[in-house]
Amino acid sequence: MSPSVVASLKLPPKVSGEKPGSGHMEEFGVNFARFMMRCNAECGELAEFNMGGQQTVLMSGPEAQEAFLKTLDLKLSRAAAYQATVPVFGKGVIFDAPPDKMKAQLKIQVDALRYQNMKNYSTVISQEVEDWVASWGDEGELDFLDEFLRLTLHTATHCLLGKDFRDRMTEEFRELYHALEKGLQAIAFVDPYMQQPVFEARDKALIRLQALIGGIIAERRASSHIEYGDALETFMAGTYTDGSQLTENEITGLVIATMFAGHHTSSGTATWTLTELARQKEYSAEVSEELQALFKSDSEITLESLREIPKLEAFIEEVLRLHPPLVLLMRRVIEDIDYNGTLIEAGKTVAISIYGSHRNTDYFPDPEKFDPYRPKPDTLFAYIPFGGGPHKCAGNAFAMMQMKAIFAALLPRYEFELVDPDVTYQDDLSAIVLKPTGPCRLRYTKRK
Ligand code: HEM
């Protein structure tokens, strides 16, 4: 952009309440979703705030969100905004890979979540759900936040690493994975290489996981068996444009990256879906009837049978509107941007709030009301639980299939009720991925 053009542009309006040194960090930390809504209400489409020295511009409304989601990595970089993932996924993986390799890795990741594997995945998930409910009995009470975290860790490892690995899955694997998760807390977005015990544990865990998964890769390379139908098979077969294969550590990194993308997002959505089913009696009765008609309690759940379940789908979509697992997306501005006459300078961060977008009254009147049949907005970029543009969620179809498989198995057999007063079940916005505040206790009773 020429200096005369830059000089002709205005700057984004600034959000009030900035404190010397920390800027808006404190208010952001208390409840960042609410803070984002205040920024939008006060300043409109563009709102600039200060994250402890990092100037950040919130872009709100479908038009600005579309520009954010469609602008290519060269101008708006995810890599620069998500450097905290590098020591978690490993060197040379996704955001640490050169652009052409990153593109190839993302394509291989997308391939692993495509149709050809989906049939296997739906069988695997149904089997995991069967094993899970086998010990439930006629009635009981469970903390479903915990339960769904475990279930989706099992489905993710089973779909990604295969049956052999899942059967041999040890406590050690769970601990290593949790050590990596702890390495991705908010402070890692400031500096992921600080001297901190959590980061030391993260680094040790990655080395051990690389050895564990490297062992499976070596086993498979030495074996004559060729069809596994899991993501690891696709990752091992994938190549870069020069025909070379991914290294063992790059493959391990893709496994970890896919688990991170899919685990908490799925468990949070499943927990909120079940909670809303227990809460929204009017709609959940319809969903249960639909599922009871489609799936008898002993009928097999297949990819085909999961394809069309309109009432359940509408219900999950409304859950994803009110409780989007990824509340906030971020990018770093690499080149100055002229957004409709406003200059967003290189070096700043830009963000969109999915949580805020889904509560925009222009598109969602009476936004806090749970209504699966509310009219769809007439623009694509108002309802964005899975993002949009070139980096729209690669696991969208997988995630929806998984949700449908879980509830197609649960609802024809059991009814669910809240254990605690309704107001106890709230969005927990303290973590990177949204979930209900725990414990999330529900009572289940076998249907007559
Ligand atoms: C309800 C569940 C899920 C939600 C709401 C969700 C949401 C999202 C969103 C908003 C993005 C865009 C991030 C950005 O633009 O910065 C994204 C990207 C991604 N998601 Fe999901 N996700 C879910 C489940 C999954 C699952 C189950 C998987 C894999 C098994 C997965 C894999 C990915 C991957 C690989 C990307 C990056 C795509 C790319 O960079 O090109 N997601 N997801």
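Just so it is clear, the structure is predicted and the values come from calculations on it, not from any experiment. (Residues numbered from 1 in each chain as written. Predicted model: local features only at pLDDT ≥ 70, side-chain atom pairs only at ≥ 80, totals over all residues. Heavy atoms only, no water.)

### Some details on the coordination of the iron atom of the ligand
Protein coordination of the iron atom of the ligand is limited to a single donor, Cys393 (SG), positioned at 2.3 Å. Along the chain, Cys393 turns up in the loop between helix 17 (354–357) and helix 18 (396–410). (Donors = N, O, S within 2.8 Å, 3.2 Å for Na, K, Ca; no water. Helix = DSSP H or I, 4+ residues; strand = E, 2+ residues; numbered from the N terminus.)

### A few points about the side chain of Arg174
Inspection of the secondary structure puts Arg174 in helix 10 (residues 171–182). A relative accessible area of 19% places Arg174 in the buried class. Among the polar contacts listed, one links the side chain of Arg174 to the side chain of His154, at a separation of 2.9 Å. (Buried < 20%, exposed > 50% of the residue type's maximum accessible area, 1.4 Å probe, protein only. Polar contact = N/O pair within 3.5 Å; in protein donor to acceptor, adjacent residues only side chain to side chain.)

### Details of the domain arrangement of the protein
When the domains of the protein are assigned, the result is domain 1 (1–80 + 329–384) and domain 2 (91–326 + 391–448). Its C-alpha centre places domain 1 at a distance of 29 Å from the equivalent point of domain 2. The partner domain 2 presents 23 residues to the 22 residues of domain 1 that form the contact. Carbon and sulfur atoms supply 61% of the area that domain 1 and domain 2 bury against each other, a total of about 2,200 Å² over both sides. Inspection of the domain 1/domain 2 interface yields 3 salt bridges. Between Arg374 and Glu318 there is a salt bridge, with its nearest N and O atoms 3.2 Å apart. (Domains from an automatic or database assignment. Contact = heavy atoms within 4.5 Å. Buried area = accessible area lost by both parts, 1.4 Å probe. Salt bridge = Lys/Arg side-chain N within 4 Å of Asp/Glu carboxyl O.)

### Some words on the nonpolar core
Among the nonpolar cores identified, the biggest contains 137 residues, and Trp136, Phe144, Phe148, Phe407 and Phe416 are the most heavily contacted of them. Broken down by element, the residue count for this core peaks at 12 residues, all from helix 13 (residues 248–279). Per-domain counts for this core show at least three residues from each of domain 1 (1–80 + 329–384) and domain 2 (91–326 + 391–448). Filtering out sequence-adjacent residues up to four positions away, Phe148 remains in contact with Trp132, Ser267, Ala270, Thr271, Leu274, Ile406, Phe407 and Leu410. (Core = buried A, V, L, I, M, F, W, Y, C linked by side-chain atoms within 4.5 Å.)

### A short note on the site of the ligand
What surrounds the ligand is a group of 25 residues, the closest being Arg78, Gln109, Arg331, His391 and Cys393. Contacts to the ligand include Arg331, whose side-chain N or O atom sits 2.9 Å from an oxygen atom. Contact distances for the ligand include 3.1 Å between an oxygen atom and a side-chain N or O atom of His391. Where the shell around the ligand is concerned, the elements lending two or more residues are helix 7 (99–112), helix 13, strand 5 (328–333) and helix 18. Residue composition of the shell around the ligand, by class: 14 nonpolar, 9 polar and 2 charged. Each of domain 1 (1–80 + 329–384) and domain 2 (91–326 + 391–448) accounts for three or more of the residues forming the shell around the ligand. (Near = heavy atom within 4 Å. Nonpolar A, V, L, I, M, F, W, Y, C, P; charged D, E, K, R; others polar.)

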